[in-house]
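Structural overview for review
Residue strings, one per chain:
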Amino acid sequence: MTEVIRYEHVDISYKGKRVVHDVSFSVEKGEILGIVGESGSGKSTLIKAAMGLLGKDGLVTRGDIWYKGMDLPDLKPREMRKLCGTELGMIFQTAGSSFCPIRTVRAQLYEFMTEHKKIKADVFENQAEELLEKFGFEDPKRVLDSYPFELSGGMQQRVGIAAAMLLNPKILMADEPTSALDVTVQKQVVEEMLMVRETFGTSIVLVTHNMGVIRAMADKVLILHEGEIMEYGVTEEVFEHPESVYTKKLLAAVPKLRR
Amino acid sequence: MSVVLAAEHLTKTFVSQGRENYTAVDDVSFSVESGEKLGIIGESGSGKTTVVNMITRLLDVSSGTIRLDGEDITLKKGKELKEVYKKMQMVFQTPTESFDPRRKLGDGIAESLINYGMKKKEAMVKAGQLLELCGLEKEYAARYPHEVSGGQCQRAAIARAIAIDPRLLILDEATSALDVTIQKEILELLDKLKTERNMTYLFICHDIALVQQFCDRVLVMHQGKIVEEGTPDEVIRNPKTEYTRRLIESVL
């Protein structure tokens, strides 16, 4: 197996206050890593650091994030922009609000593509429709014709994932991708992300507070608490035999459905 | 056991010009007995919150009757409605937003007491006691909503809701915005209050596992109707309708 991305002793600060401390992990090709933690644990900050999305107050103060021999936090904005989308894809909690509300899905997906490579409109149309079909949309043309707000929350999220996969990135960073969804839709989105890994061999870094989603998807899990790793290992082992006190407390607090 | 709250044939139709009428709640009837913890589950858009907003009189009904302690409160207004809120209080999903951002938590908690005739000094002391009852130090009364965490603010919201000793507490997704460890603490607090004060809860929630853990009885809502009713274990183990079965199967 080949390693795709590696975090080495990463510290991240916001306005001089350290929020992530000494985090190291790596993700292999086709692996799904789940990062779990409560609000304020620094889980979203970790993937934002790789994507260059920390904003002007955030800074990686120590350590490296290696991708294909490049240290991501050291890249210039122009170099970073080339990687975002084509190499590193991202899905947000509310994919709908990361689209522009006054333009159709088609116009926006086309823009994503042309930002990175030259492509004729009809070739794009075929590619986009084919991809949406893979994602189980019955009528891809109608989806492309729609404005984001005309789609339901679940549809928006699925279009968001499809949009991220349009340029076939090697890694998909997903920040709470199912947290705003109803359970039935959540299940569908989880299945679609598993399909993405199956079809494209994409590695996924999944940030969520939902243990059910982690259990259903992640090969490995990293438990984060106040910016530090509490536990890191194969999902089943961590869930069945948690070692740290915090992990035990966290798992005990999750309500489980007794069927 | 006596019935605290009874909803009879509640219907809410939203009418707006240039659009078809939309029936968000369609002929919903149920009752809550004294000391009971009744849960309502359903997906977004199923009408759970509309039901609650009608019961709490934040929204007028299109048809149907609401009875609290046997008294018809469907059309109550003004002073009469104020009397109703002595018996029924609410806790909302986002605690920080349900407090006035420019006033301290203590002011928010004491407000209902003052409204019902208590002296300000006395009310402020009571507010401190209520905070302690809900697991916060009484010094929190002097903090603003943005100065406390979400979990602490929800405790303050519960303190505010129980201040005038209501019989019925309506919790609309009261724990959904909280982390799981905090959620567990809040549920333990609610259970403690129930035993100490013989409270009745109407608990709206989309987390089925949580409802199974917390509630005595559950209603399943789908497209504005109640499609199933029973104890959580009954409903989860032997769902009668296709919709409930699908809903439960989707839980990861």
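Counting of residues starts from 1 at the beginning of each chain's written sequence and follows it residue by residue. The naming scheme follows written order: chains are lettered A onward, ligands numbered 1 onward. The predicted nature of this model means local features are confined to residues of pLDDT at least 70 and side-chain atom pairs, given and counted, to a pLDDT of 80 or more, with totals for whole chains, interfaces and linings taken over all residues. Excluded from the side-chain calculation are hydrogens and water; included are all heavy atoms of the structure.

- For chain B, an unreviewed UniProt entry supplies the name ABC transporter ATP-binding protein and the organism Oliverpabstia intestinalis.

- An unreviewed UniProt entry annotates chain A as ABC transporter ATP-binding protein of Oliverpabstia intestinalis.
- Under the Sequence similarities (unreviewed entry) heading, UniProt states for chain A: "Belongs to the ABC transporter superfamily."
- UniProt positions are given in the numbering used here, feature names are shortened, and annotations may be inferred rather than shown by experiment. Per UniProt, the comment on chain A under Subcellular location (unreviewed entry) is "Cell membrane".

Examining the pattern of salt bridges
- Salt bridges are defined as contacts in which a side-chain nitrogen from Lys or Arg sits within 4 Å of a carboxyl oxygen from Asp or Glu. According to the stated counting rule, one finds 33 salt bridges over all chains in the structure shown.
- By sharing partners, the salt bridges in this structure join Asp69, Glu71, Lys76, Lys87 and Arg167 of chain B into a single network.

Let's talk about the packing of helix H6 (residues 150-162) of chain B against helix H7 (residues 180-197) of chain B
All names here are of chain B.
- Between N-to-C directions, angles span 0 to 180 degrees; the directions come from axes that are lines fitted to C-alpha atoms, helices contributing only their stretch in contact. Runs of E in the DSSP output that reach at least two residues are strands. Runs of H or I that reach at least four are helices, and both are numbered from the N terminus. The geometry of H6 relative to H7 is characterised by a closest axis approach of 10 Å and an angle of 20 degrees between their N-to-C directions. Classified by the angle their axes make, H6 and H7 are roughly parallel. The handedness of the crossing between H6 and H7 is right-handed. Residues Gly151, Gln154, Arg155, Ile158 and Ile162 of H6 pack against Ile182, Glu185, Ile186, Leu189, Leu190, Leu193 and Arg197 of H7.
- Each residue gets one label: Ala, Val, Leu, Ile, Met, Phe, Trp, Tyr, Cys and Pro are nonpolar, Asp, Glu, Lys and Arg are charged, and the others, such as Gly, are polar. Residues that form the contact of H6 with H7 fall into these classes: 7 nonpolar, 2 polar and 3 charged. Each angle receives one of four descriptions, namely roughly parallel if under 35 degrees, roughly antiparallel if over 145, roughly perpendicular if within 65 to 115, and oblique otherwise. For a crossing to be left-handed, the near helix must be turned anticlockwise from the far one by less than a right angle; the clockwise case is right-handed. The contact definition used throughout considers only heavy atoms, calling two residues in contact when any of these lie within 4.5 Å.

Comments concerning the interface of chain A and chain B
- At the interface, 21 residues of chain A touch 23 residues of chain B.
- Where chain A abuts chain B, roughly 2,200 Å² becomes buried across the two surfaces, and 57% of that area is made up of carbon and sulfur atoms.
- Across the chain A-chain B interface, the total number found is 1 salt bridge.
- In protein, a polar contact means a hydrogen-donor-capable atom and an acceptor-capable atom, both N or O and within 3.5 Å, with residues adjacent in sequence counting only if both atoms are side-chain atoms; elsewhere, any N or O pair within 3.5 Å suffices. In this structure, the connection of chain A to chain B is made through 8 residue pairs in polar contact (both at pLDDT 80 or more).
- Broken down by secondary-structure element, the contributors of at least two residues to the side of chain A that touches chain B are helix H7 (183-200), helix H8 (211-217) and helix H10 (245-253) of chain A.
- At 5 residues, H7 of chain A tops the list of elements feeding residues into the side of chain A that touches chain B.
- Looking at side-chain class alone, the side of chain A that touches chain B contains 10 nonpolar, 4 polar and 7 charged residues. Reported buried area values correspond to the accessible surface (1.4 Å probe) lost by two parts on association, with both partners' losses combined.

Digging into the layout of surface pockets
Residue and element names in this part refer to chain A.
- Buriedness of a pocket was judged along seven lines, with at least five required to meet protein on both sides within 12 Å; pockets are open sets of points on a 1 Å grid over the protein atoms alone, cavities are sets where a 1.4 Å probe fits but cannot get out, and lining residues have an atom within 4 Å of a point. Grid points are joined across faces, edges and corners, and a volume is the space filled by probe spheres set on the points. One number sums up the size of the second largest pocket: a volume of about 730 Å³.
- Around the second largest pocket, the lining comprises 26 residues; the ones closest to its centre are Cys84, Gly85, Met90, Phe92 and Phe112.
- At the level of secondary structure, the elements contributing two or more residues to the lining of the second largest pocket comprise helix H2 (77-83), strand E6 (88-91), helix H3 (105-116) and helix H6 (153-165).
- A per-element tally of the lining of the second largest pocket places H3 first, with 5 residues.
- Across the lining of the second largest pocket, the residue classes tally to 14 nonpolar, 6 polar and 6 charged.

Concerning the pairing of strand E4 (residues 58-67) of chain A
Residue and element names in this part refer to chain A.
- Between any two strands, pairing holds if DSSP finds at least two bridges. Here 8 bridges tie strand E1 (residues 3-14) to E4, and the two strands are oriented antiparallel to one another. Bridge pairing in E4 links Asp11 to Arg62.
- Here E4 runs beside strand E5 (residues 70-71); their pairing, made up of 2 bridges, is antiparallel. By the bridge assignment, Trp66 is partnered in E5 with Asp71.
- The turn joining E4 and E5, which pair antiparallel and follow one another in sequence, is formed by 2 residues; a positive phi near 50 degrees is taken by Lys68.

A few points about the UniProt feature "domain: ABC transporter" (unreviewed entry) in chain B
- Residues annotated in UniProt with the feature "domain: ABC transporter" (unreviewed entry) correspond here to residues 5-248 of chain B.
- For residues 5-248 of chain B, the helix share is 40%, the strand share is 25%, and the end-to-end C-alpha distance is 28 Å.

Concerning the nonpolar core
All names here are of chain B.
- Only buried residues count toward a nonpolar core, which is a set of Ala, Val, Leu, Ile, Met, Phe, Trp, Tyr and Cys residues joined through side-chain atoms within 4.5 Å. Any residue under 20% of the maximum accessible area for its type is buried, any over 50% is exposed, and the rest in between are partly exposed; the area is computed with a 1.4 Å probe on protein chains only. Counting 54 residues, the largest nonpolar core has Ile158, Leu169, Leu190 and Phe203 as its most contacted members.
- Take this core: its biggest share by element is 7 residues, from H6.
- If we ignore the near neighbours within four places in the chain, the residues touching Ile158 are Val91, Cys134, Ile186, Leu189, Leu190 and Leu193.

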